[in-house]
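Commentary on secondary and tertiary structure
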Amino acid sequence: MDLGGEARSRRTDKGFTGLVTFAGLTVLIVLGLILATTSVQAWPAIAQDPVQFVTGSRWSPSDEVFGTLSFLYGTLVTSVIGMIIAVPVSIGIALFITEVAHRRSRKYIVTVIDLLATVPSVVFGLVGSLVVVPWITPAYQWFADLVEPIPGLSTVFDQTNTGRNYFTAGLILAVMCIPIITSISREVFATVPEIDKQGAYALGATRWEMIKGAILPHSFGGLVGASMLGLGRAMGETIAVSLVIGGAVGMSANVFAPGNTMAAVIAQQWGEAGDLHRDALIGIGVLLFAITVLINFLARVVVRRAEIQMKGAHS
Amino acid sequence: MKLNRRTIFGTLTAGALAMSMAACGGSSDDEGGADGEMVSGEITGSGASFPDAYYAAAIEAYAEVNPDLVVTYSADGSSAGKEAFGQNLNDFAGTDSLVGDGDGPEPGSFQYIPTVAAPITISYNLPGVEGLQIDQETLANIFQGTITNWNDPAIAATNADATLPDLPITIARRSDGSGTTKNFSTFLDEATDAWTLGASDEIEWPASSVGGEKNTGVATIITQTEGAIGYVDLADASELGLVTASIENADGQFVQPTLDAATAALAGAEVADDLSYNPLDAAGAEAYPITAPTYILIRTEYDDENVAAGVKEFVNYLLTDGQDIAAENNYAALPDELRQQAIDALNETIA
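Residues numbered from 1 in each chain as written. Chains lettered and ligands numbered in written order. Predicted model: local features only at pLDDT ≥ 70, side-chain atom pairs only at ≥ 80, totals over all residues.

1. Regarding the overall build of chain A
Keep this limit in mind: For the purposes of this entry, the term helix denotes a DSSP run of H or I that reaches at least four residues, the term strand denotes a run of E that reaches at least two, and both are numbered from the N terminus. Here the C-beta atoms are placed from the backbone, and a residue counts as buried if at least 20 other C-beta atoms lie within 10 Å of its own, exposed if 12 or fewer do, and partly exposed otherwise. This entry defines residue contacts through backbone-placed C-beta atoms, with two residues in contact when those atoms are within 7 Å.
The helix and strand tally for chain A stands at 13 helices and two strands. With respect to the principal axes defined by its C-alpha atoms, chain A has extents near 65 × 60 × 35 Å. Burial analysis of chain A (315 residues in total) assigns 38% to the buried set. Considering only intrachain contacts with a sequence separation of at least 6, the fraction spanning at least 24 residues in chain A is 74%.

Okay, here's the thing in structure tokens:
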């Protein structure tokens, strides 16, 4: 934090150092306070039976039984579906923009993608529940019929009577995450040294071989980071998911079955929640917070390992 | 757009009413304003979302009568309203359910004032089948997932004329905690032997059921899903043109959810001393069995006299001229006797 050594350390410099340090610390302080206050508020509900709170799947506010496992399951399933769809598409878009698209059209594509990021999530939710759901329900039924004879697949893609389910929520999440992941991936690809790319071409690589050999290894860490930011949005997304998930308590292996996610259940039940029920909902928030931190931490480990493997230990 | 037209219409009629009231020169009904002088200031209420459409229309109409008293009501939900009432954060609270232990308000610190009621419709989506009649036990069995197909003999028994398709039943219900759910499940719990899921804001529904956000969410699921059945308030059901079933009442009659049938249910309900009453499964051949009440909680003591006068005047308006706006918004007005009891209680509580 030393900005210029003893000789130049004037008062303003010190002041500035203090100011930015404070700004940096604010984030930590705010995070810490959020965690502390929510934990305190959630405590009565969690303390009833801490193990049950995390591992139980029965959620019955009227009996004061609060097991959050099915919401955790829903959050993970919808986020994973969202990521499976969003990550390849986003990387594809980013590669198209940086490597394939004509310089002039590039500008417009970027604008359109950024516009997608500015659409409020409730709009995604409404489009999902009013347009996508009725339109996609027959498609789900058709697909379930198609994979009926295949064991395994027929469990994951089972019969359904509704389009409000994990998969629709995952689809909506994918669309919402694409702009974030695309825009960061694009920045990441832009940092690949031109000399690496030219070198690959000079060795006779095709465009795909160049992407595979020069761009992707160099960008791996950044891409994981981009995906993690997308995942963070997917896991925390509330209103859009809430409108298309079906709000059911339960864990079904069938991705075409209605379920619920942690963020969505808080929004749905908050208004009419009494005493302990409210504490339990706050508890879900704490849990979600903890899981997001954990996943980010894991991602960091993955990135470090992979970078060593792909580029050698020098970075 | 529809809502707009409705509120504008409400405002107009209320304006006309106000003028006619003025022309009549101090009707005896109008006891609210302290000796003809209008109260000014601001009062805020919060709570139940179920009567929100009615309160919103009434507030807008009231602004024409007395523009100096600004009334705001936010539909945060009954529980939130009661809690805010307990913490002295609002001047009145709207609630669909009675005050229980730990809800916030201390016993003796509040008075129930019933305002309007509304039928909860059982709406369904079954092309070609209209005027479905459902008896109470069958209704319970449908909603707890024991009857799973529309061609079930139990449904056919009360619908000899209808051709019921071989189609799975999709239960559409609320995903958010709701006074509507509470009233509906209380009805099933009290009226039927079959119902096992209890009575509460949130029910442990069968896993195959589909949840929608608020009344509109449930209504949307019903319109989108062939074979769906759900409980929706009358306002949303009629706005979206849902087909409603006739439900068996305490007298064994099958009754369509209409405002008259709801008022009939109120007339048949027993009113307790604290003005709470239970119109669910009320007696009377005309009574619609799933009729939900809603109340305003007023304080027995207000810190600010002006606020007290404001609350009194506005609530009095709801119970007098405001009752005429109820029907336009698909809420049932109180029967005269109950209305008079409510006005008396209001005058007694806030002197």
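2. So, the domain arrangement of chain B
Residues and elements named next belong to chain B. What counts is decided by this rule: For the domains described, the bounds stem from an automatic or database domain assignment. Under the grouping applied here, Gly and all other residues not named as nonpolar or charged are polar, the nonpolar ones being Ala, Val, Leu, Ile, Met, Phe, Trp, Tyr, Cys and Pro and the charged ones Asp, Glu, Lys and Arg.
Taken domain by domain, chain B consists of domain 1 (5–22 + 29–117 + 293–349) and domain 2 (119–267). Each of domain 1 and domain 2 was reduced to a C-alpha centroid, and the two centroids are 30 Å apart. Across the contact, 15 residues belong to domain 1 and 13 residues belong to domain 2. Looking at the side of domain 1 that touches domain 2, its residues break down into ten nonpolar, four polar and one charged.

3. Focus: the pairing of strand β4 (residues 110–124) of chain B
Residue and element names in this part refer to chain B. We apply this condition: A strand pair is defined by DSSP finding two or more bridges across the two strands.
Among the 15 residues that make up β4, 14 are buried, leaving the element largely enclosed by the rest of the structure. Bridging between β4 and strand β12 (residues 291–299) involves eight bridges; their strand directions are antiparallel. Its bridge partner being in β12, alanine 117 is matched across the sheet by proline 293. Sheet topology places β4 next to strand β8 (residues 228–233); five bridges connect them, and they run antiparallel. Residue pairing for β8: serine 123 is matched across the bridge by glycine 230. Where β4 lies against strand β9 (residues 243–244), two bridges are found, and the strand directions are antiparallel. Counted as the bridge partner of tyrosine 124 is valine 243 from β9.

4. What to know about the UniProt feature "domain: PBP" (unreviewed entry) in chain B
Cut-off, in case you're wondering: UniProt positions are given in the numbering used here, feature names are shortened, and annotations may be inferred rather than shown by experiment.
When the UniProt feature table is mapped to this numbering, "domain: PBP" (unreviewed entry) covers residues 39–321 of chain B. Strand forms 23% of residues 39–321 of chain B and helix 32%; the C-alpha atoms that close the span are 17 Å apart.

5. Here we look at the interface of chain A and chain B
Across the contact, 25 residues belong to chain A and 26 residues belong to chain B. Looking at the side of chain A that touches chain B, the elements with two or more residues in it are α6 (121–147), α11 (239–244) and α12 (262–269) of chain A. With four residues, the single largest contributor to the side of chain A that touches chain B is α6(A). Among the residues making up the side of chain A that touches chain B, the classes are represented as nine nonpolar, 13 polar and three charged.

6. Observations regarding the sheet that holds strand β10 (residues 246–248) of chain B
Residue and element names in this part refer to chain B. Across the sheet, three strands lie side by side as β5-β10-β11; this open sheet has mixed pairing. Since the sheet does not close on itself, it has two edges, and those belong to β5 (133–134) and β11 (254–255), each with one partner. Summarising the sheet, β5 and β10 pair through two bridges and their orientation is parallel. The residue bridging isoleucine 134 from the neighbouring strand is isoleucine 247, located in β10.

7. Description of the UniProt feature "transmembrane region" (unreviewed entry) in chain A
Taken from the UniProt record, the annotation "transmembrane region" (unreviewed entry) applies to residues 71–97, 109–136, 166–184, 238–257 and 280–303 of chain A. The straight-line gap between the two end C-alpha atoms of residues 280–303 of chain A is 35 Å; of that span, 100% is helix and 0% is strand.

8. Observations concerning the environment of Ile350(B)
Along the chain, Ile350(B) falls in the segment after α12 (336–349). When the C-alpha atoms of Ile350(B) and Tyr302(B) are compared, they prove to be 8.6 Å apart, with 48 residues separating the residues in sequence.

9. Description of the domain arrangement of chain A
All names here are of chain A. Splitting chain A by domain gives domain 1 (1–48) and domain 2 (50–314). Each of domain 1 and domain 2 has a C-alpha centre, and these two points are 30 Å apart. With nine residues of domain 1 at the contact, the number on the domain 2 side is eleven residues. Residue classes in the side of domain 1 that touches domain 2 are distributed as six nonpolar, three polar and no charged.

10. Re helix α2 (residues 11–47) of chain A
All names here are of chain A. Convention followed: The span you would expect from a helix comes to 1.5 Å times its residue count less one.
Taking 1.5 Å of rise per residue, 37 residues should cover 54 Å, and α2 covers 51 Å from first to last C-alpha, within 8% of that figure. Of all the 37 residues making up α2, three are buried; the element is thus mostly uncovered. Residues Ala42, Ala45 and Ile46 constitute the buried set of α2.

11. Let's talk about the nonpolar core
What counts is decided by this rule: Under the definition applied here, buried Ala, Val, Leu, Ile, Met, Phe, Trp, Tyr and Cys residues are grouped into a nonpolar core through C-beta atoms within 7 Å.
Of all hydrophobic cores here, the largest spans 104 residues; its most connected members are Val315(B) and Ala332(B). Counting the residues that make up this core, at least three belong to each of domain 1 (5–22 + 29–117 + 293–349) and domain 2 (119–267) of chain B. Once residues within four sequence positions are removed from consideration, Ala332(B) is found in contact with Val116(B), Ala117(B), Ala118(B), Leu259(B), Ala262(B), Thr263(B), Leu266(B) and Ala326(B). Formed by 69 residues, the second largest nonpolar core is a distinct cluster that contains Leu95(A), Met235(A), Ile245(A) and Met262(A).

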